[in-house]
Amino acid sequence: MKALGSVAAMTAAAILAAGCGGGPAGGGGKISDGKVVLAVLNDQSAIYADLSGKGSVEAVKMAVADYKAKYGDKAVAKTVEVLSADHQNKPDIANSKAQELYDRQRADIILDVPSSAAALAVANQAKTKKKLFMDIGAATTELEGAQCNKYTFHYGYNTYMLAYGTGDTVTKDGAKNWYIVYPDYAFGQDMQKSFTAAVKGAGGTIVKADPTPYPNDNFSTFLLKAPTLNPKPQVIGAMQAGGDLVNLVKQYNEYKLRDKGIGLAVGLMFITDIHSLGPDALAGTKFTEPWYWNADQQNRAWADKFQAKTGKRPSFAHAANYSAATQYLEAVQRGGTDGSDDVVKQLEGHKFQDVFARNASIRAEDHLLLHDVSLAQVKPSSEVKEPWDYEKILSTIPADKAFQPASPACKL
Amino acid sequence: MLQQAFNGLVGGAFYALLALGLAVIFGMLGVVNFAHGAFYMLGAFGAYILLSSFGVNFWVALIAVPLVLGLLGVLLERLLIRRLVQLDPLYNFLLTFGISLILQDLVRRQYGVQSQPYPRPSELSGSLNLGLFTYPAYQVFVLVVAVLVCAGAWVVLTRTRVGMIVRAATERPELTRALGIDVARWVTPVFGFGIALAGLAGVLAAPMRAVNPLMGGDLIIIVFAVVVIGGLGSIFGSVTAAFGIGLITALGNLYLPTISQTLVFILMAAVLLWRPAGLFGREEALT
Amino acid sequence: MILSRLAARPLLLALGLVAVLALPWLVYPPVAMDIVCWALFAIAVDLLLGFTGLLSFGHAAFWGSSAYVSGLIALHSGLPFPLAVLGGAAFAAVLAVPIGLLSVRLNGIYFAMVTLAFAQMVYFVVNQWRDLTGGENGLQGVPRELFGMDLSDPFIFYYVGLPLILLGMLVAWRIVRSPFGRVLVSIRDNPARAQALGYPVERYKLLAFVLSAALSGLAGGVFAISHGFASLHDVYWTTSGQAVMMVVLGGIGTLWGGTIGAALIVLLNDYLATAGFQEIGIVTGSIFVIIVLVFRRGVWGTARDLVQARVAARRRTTTRLRTAEE
């Protein structure tokens, strides 16, 4: 019985190997399988569902529609298909789905993939399958660091950008003494490192940096400690995210630390967090924003289109998905093929402008997208004129300063 | 330092309300209610929904939400829990686990996973001078409510006939039944009461913690550890352990930040090694 | 009659083997691998729940810690992956000793809560020990080394990894059918009686706990090698919950029921990922509620009861006929 099974298995393996022999990776062939397939793999039912989720699938569809409208009959990719899968924020499902999307559904590129474990797993699949992967949802710099690879691009934001922009500008604006509280896991530790470097680089001092438990719903210990430190910090740099950030800010207000002359700067803030807390709870807080829907006319016009489709204002992740899909299709157009190696060649070092990415370029050394980002401040509710109108853009952090230099650990 | 200790007690207040409900439910029904964290979450959402959709303020929510959730608890007991009470308690543990998944996802479906805004009641937005230090009025209020509820429960349990029955059924179940005391008619109200307490904790949490569908999930595991430390069969023990753990985690955050998360579990292991039935539990409750 | 009943068992076994060998032809190979890994995990949990009467809600600690240890061995030593997996399973067994010592003294529901709490502790340690585990980035890039063979094709890897899983299942089956297994069942049914008969109940429970942990570790190790990484999700308490759910769905105390439960849940998760349906919690929660309320014997248990009832009915008719003839 068993012997029979293994013979059958070996035959099957042989057939399969033969089938794969043609290999979609090589250049030359125009469009593999006669169509270009973009797959959005993200979290549509767990913690990142609001930030990205189905909205990003819609954004990618908008990119495809705009591409077709732009090139019409001249489009290299005549048939473009958009697939989507929900990894439920489970890395193992992300990993299996990514393989299936590449192998069975003939996806040419996977987009989004929030949360770092899932993103790094998919990056490894992209490397093995020699297909493209543009990560938007994950913040880890590992994607362009030790675990970078030829077929993986990191698009939109990362922990360095979040920490650097805020730490540098707020320090230069006069807040020299910092008390940093960071959640005690990889993301928080990365943020703390980059933040400290940025503050010191701008001439500031870290009075103290405390790790906090994660998840945590009681930050009183640290908030009570802040005014007792010597010298007294002028700002608390909070590196928490999501629910923990909301907890921390609620309690920060509870202790009225702002009235005691201790400001708040936040490492990672999404517009959904401001919506959660209400703008008044955060009014005055500064943070780095990869993209804001109401920053200028161009963004706003796109946000209106997005709202017409989804009924919501876009987060930066939605716009980044739109931009990534657009740049991928443009690369296919320029190279005249969807062969992975050719597309990579087209993308590396490419300079461009679009609704998401200004003064943008894709760094050839590590495949990180560099683009202008903003230092934003939360408005008090008295200045909020319409739903989701929560942010004031204070300054632009130019692309070449906003991101870290290419890491020597990355060898493509 | 004193201020930190006080802040630990406030954290402990939430554990206490949840642990008290968990303990009386376990006592009367032999059920460990996994959905307790989900009801805590529903309490917070109840307050949020009342405020955002109906403009009902915090004070009304503080009374109304626990009542409604208590009724929901009564329904749950009558319709589902009751069917499984005669079986191995594991079945009810699994049932309530399933229910917590459903409740959590229903709320997520409606409101998303992002946290919802909930302001502090304006009456409590100031700070109180407590002699040695000033402290946010709202947190003092939370602590006072929790202490009053626990003290009230204690009075009911020790001074009234209902209380005696509940206590007897909780701490000496076989003996109580053997004496022919009709425990059954108190089962449903006690279950409803336990759920109402979780709802109350949720309403109290709304102004100071993130209101989202996942807020109860991790908390319930800590509360499990709390009642194991206190002794699941002991109402007094659970409440005492709750405040104690609150205190210890607050000080742990201060002095041992890297292990503060595991502190409660290390403590649990130590207690189990020393007294398997918990600090205030009875050995015979184990078998 | 007797002959046909005796033949039923090998027939069933053969059918099962065919199903396992045919699996990657029917479903996507990485998913097939997930199914058999979870199946062994569920069997390990059932060994404890169904045959010893202990509901562990913390088995993710063993599945997950073995996933990390197997991954670390494979990553840093370059040993063939089966050795790495066995190393992971051994680690899970060792980890189970202190946890088991502290928890087997407690009865059912305490036991569930305490194992859950310990598993959460393991989760925190894994999360914190970033230099070793990669924190929430996970332990990435775990190789599949076996004498230089190319195992990158998941279809081939399925057949290479499968023997480890089958070995685990065989061990579980032997345990259940051994005298040791029968003592466990008697402890489950009446601990006081077992004690009175002179069995050291706690030591038996502890041994069952350690064996179950080792088998969970075996499954978790293969899972990590198959995916090429280990992540925090492997040690999170929802993973324990999922394993218990598979057992309950398949049928508590049926041993093989867990395989059916695992197949159904893995396929359901896989389907829901692309179904455009977001209410995953509602679906899985409802499955729990429905099974516990009306379907307590699970798929396997119900099927077995149906078959046995029919056999019994047929036997009754034959006996009746024979008596009538006489």
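Values in this document were obtained by computation on a predicted structure and should not be read as measured data. (Residues numbered from 1 in each chain as written. Chains lettered and ligands numbered in written order. Predicted model: local features only at pLDDT ≥ 70, side-chain atom pairs only at ≥ 80, totals over all residues.)

## Quick look at the interface of chain B and chain C
Of the residues lining the interface, 36 residues belong to chain B; the matching set on chain C comes to 32 residues. Breaking the side of chain B that touches chain C down by element, the ones donating at least two residues are α3 (58-84), α4 (89-111), α9 (217-230) and α11 (260-274) of chain B. Considering each element in turn, the side of chain B that touches chain C owes the most residues, 15 residues, to α4 of chain B. Broken down by class, the residue content of the side of chain B that touches chain C amounts to 26 nonpolar, six polar and four charged. (Contact = placed C-beta atoms within 7 Å. Helix = DSSP H or I, 4+ residues; strand = E, 2+ residues; numbered from the N terminus. Nonpolar A, V, L, I, M, F, W, Y, C, P; charged D, E, K, R; others polar.)

## Structural notes on the sheet that holds strand β2 (residues 80-86) of chain A
Residues and elements named next belong to chain A. The strand order across the open sheet formed by five strands is β2-β1-β3-β4-β5, and the pairing between neighbours is parallel. Two strands close off the open sheet at either side, each with one partner strand: β2 and β5 (152-154). Within the sheet, the average angular offset between the axes of one strand and its neighbour, ignoring direction, is 20 degrees. Relative to β5, strand β4 (residues 132-135) runs parallel, the two sharing three bridges. For Phe133, the partnering residue across the bridge sits in β5 and is Thr152. Packing against the sheet, helix α3 (residues 91-103) makes contact with β1 (36-42), β2 and β3 (109-112), and its axis sits at approximately 175 degrees to β1. (Pairing = 2+ DSSP bridges. Axes fitted to C-alpha atoms, helices over the stretch in contact; angles between N-to-C directions.)

## Overview of helix α8 (residues 179-189) of chain C
Residues and elements named next belong to chain C. For α8, the complete set of buried residues consists of Leu184, Ile187 and Arg188. Projection of α8 onto a plane perpendicular to its axis shows the buried side chains occupying an angular sector of 100 degrees, all on one side. Seen from the open side of α8, the exposed residues pointing more than 90 degrees away from its buried face are Pro179, Arg182 and Asp189. Residues of α8 that are buried in the fold lie against α2 (29-52), α9 (191-196) and α10 (201-227). (Buried ≥ 20, exposed ≤ 12 C-beta atoms within 10 Å, placed from the backbone. Arc of directions from axis to C-beta.)

## Quick look at the UniProt feature "domain: Leucine-binding protein" (unreviewed entry) in chain A
When the UniProt feature table is mapped onto this chain, "domain: Leucine-binding protein" (unreviewed entry) is found at residues 36-379 of chain A. The annotated region residues 36-379 of chain A carries 43% helix and 19% strand content, and the separation between its end C-alpha atoms amounts to 43 Å. (UniProt positions renumbered as here; feature names shortened; annotations may be inferred.)

## Brief notes about the interface of chain B and chain A
Between chain B and chain A, the residue contacts involve 28 residues of the former and 28 residues of the latter. Elements with a contribution of two residues or more to the side of chain B that touches chain A: α1 (2-29), α5 (137-159), α10 (235-255) and α11 of chain B. The element that contributes the greatest number of residues to the side of chain B that touches chain A is α1 of chain B, accounting for four residues. Looking at the side of chain B that touches chain A residue by residue, the classes come out as eleven nonpolar, 15 polar and two charged.

## Brief notes about the nonpolar core
A general tendency of soluble globular proteins is for nonpolar side chains to be buried together. Within the largest apolar cluster, 355 residues are counted, with the highest numbers of intra-cluster contacts made by Ile110 and Val122 of chain A, Ala19 of chain B together with Leu40 and Ala117 of chain C. Looking at which domains feed residues into this core, each of domain 1 (31-157 + 296-371) and domain 2 (160-289 + 374-402) of chain A gives three or more. (Core = buried A, V, L, I, M, F, W, Y, C linked by C-beta atoms within 7 Å. Domains from an automatic or database assignment.)

## Some thoughts on helix α5 (residues 159-172) of chain A
All names here are of chain A. The terminal C-alpha atoms of α5 lie 20 Å apart, and with 14 residues this matches the ideal 20 Å at 1.5 Å per residue to within 8%. Within α5, twelve of the 14 residues are buried, leaving the element largely enclosed by the surrounding structure. For α5, the complete set of buried residues consists of Thr159, Tyr160, Met161, Leu162, Ala163, Tyr164, Gly165, Thr166, Gly167, Asp168, Val170 and Thr171. Of the residues flanking the end of α5, it is Gly174, one or two places downstream, whose phi is positive at about 120 degrees. (Expected span 1.5 Å × (residues − 1).)

## Some remarks on the sheet that holds strand β13 (residues 369-370) of chain A
Read across the sheet, three strands follow the order β11-β12-β13 (chain A) without closing on themselves; strand pairing throughout is antiparallel. Every other strand in the sheet has two partners, leaving β11 (351-352) and β13 of chain A as the edge strands with one partner each.

## Quick look at the domain arrangement of chain A
All names here are of chain A. Here chain A is described as being made up of domain 1 (31-157 + 296-371) and domain 2 (160-289 + 374-402). Look at where the C-alpha atoms of domain 1 and domain 2 centre, and you get two points 29 Å apart. Of the residues lining the interface, 13 residues belong to domain 1; the matching set on domain 2 comes to 14 residues. Taken together, the residues of the side of domain 1 that touches domain 2 break down into seven nonpolar, four polar and two charged.

## Here we look at the environment of Arg275 of chain B
If you trace the backbone, Arg275 of chain B turns up in the segment after α11. When the C-alpha atoms of Arg275 of chain B and Gly231 of chain B are compared, they prove to be 9.3 Å apart, with 44 residues separating the residues in sequence.

## So, unusual backbone geometry
Residues and elements named next belong to chain A. At the junction of Asn230 and Pro231, the peptide bond is cis and its omega measures out at -5 degrees in the coordinates. With respect to the helices and strands, Pro231 occurs in the loop between α7 (220-225) and β8 (235-238). Positive phi, normally seen in glycine, also occurs at Trp388, with a value near 70 degrees. With respect to the helices and strands, Trp388 occurs in the loop between β14 (373-378) and β15 (391-397). Its 19 C-beta neighbours within 10 Å are what place Trp388 among the partly exposed residues.

## Points about the packing of α8 of chain C against α10 of chain C
Residues and elements named next belong to chain C. Put simply, α8 and α10 touch, their axes get as near as 10 Å, and they point 115 degrees apart. Seen along the crossing, α8 lies across α10 with a hand that is left-handed. Contacts from Val183, Leu184 and Ile187 of α8 reach α10 at Val201, Tyr204, Lys205 and Ala208. For the contact of α8 with α10, the per-class residue count stands at six nonpolar, no polar and one charged. (Left-handed = near helix turned anticlockwise from the far one by under 90°.)

## Description of the pairing of β1 of chain A
All names here are of chain A. Counting buried residues along β1, seven of its seven residues qualify, which places the element largely inside the surrounding structure. The alternating pattern of β1 places Val36, Leu38, Val40 and Asn42 and Val37, Ala39 and Leu41 on opposite faces, both of which are buried. Where β1 meets β2, seven bridges bridge the pair, whose relative direction is parallel. Across the sheet, the residue bridging to Val37 is Glu81, located in β2. Where β1 and β3 come together, four bridges link them in parallel fashion. In the sheet register, Leu41 faces β3, and the bridge partner there is Asp112.

## Topic: the environment of Leu90 of chain B
Relative to the elements of secondary structure, Leu90 of chain B occurs in helix α4. The buried category is assigned to Leu90 of chain B, around which 23 C-beta atoms lie within 10 Å. Taking the C-alpha atoms as reference points, Leu90 of chain B and Gly30 of chain B, 60 residues apart in sequence, are found 9.8 Å from one another. Not counting residues within four places of it along the chain, the set of residues in contact with Leu90 of chain B comprises Leu55, Gly108, Ile109 and Ala112 of chain C.

## Looking at the environment of Ala77 of chain A
Residue and element names in this part refer to chain A. Note that Ala77 resides in the loop between α2 (53-71) and β2. On the neighbour-count criterion, Ala77 (24 C-beta atoms within 10 Å) is buried. Remark: the alpha-carbon pair of Ala77 and Glu289, spanning 212 residues in sequence, is separated by 33 Å. Those residues in contact with Ala77 that sit more than four places away from it in its chain are Ile31, Val36, Leu329, Val332 and Asp338.

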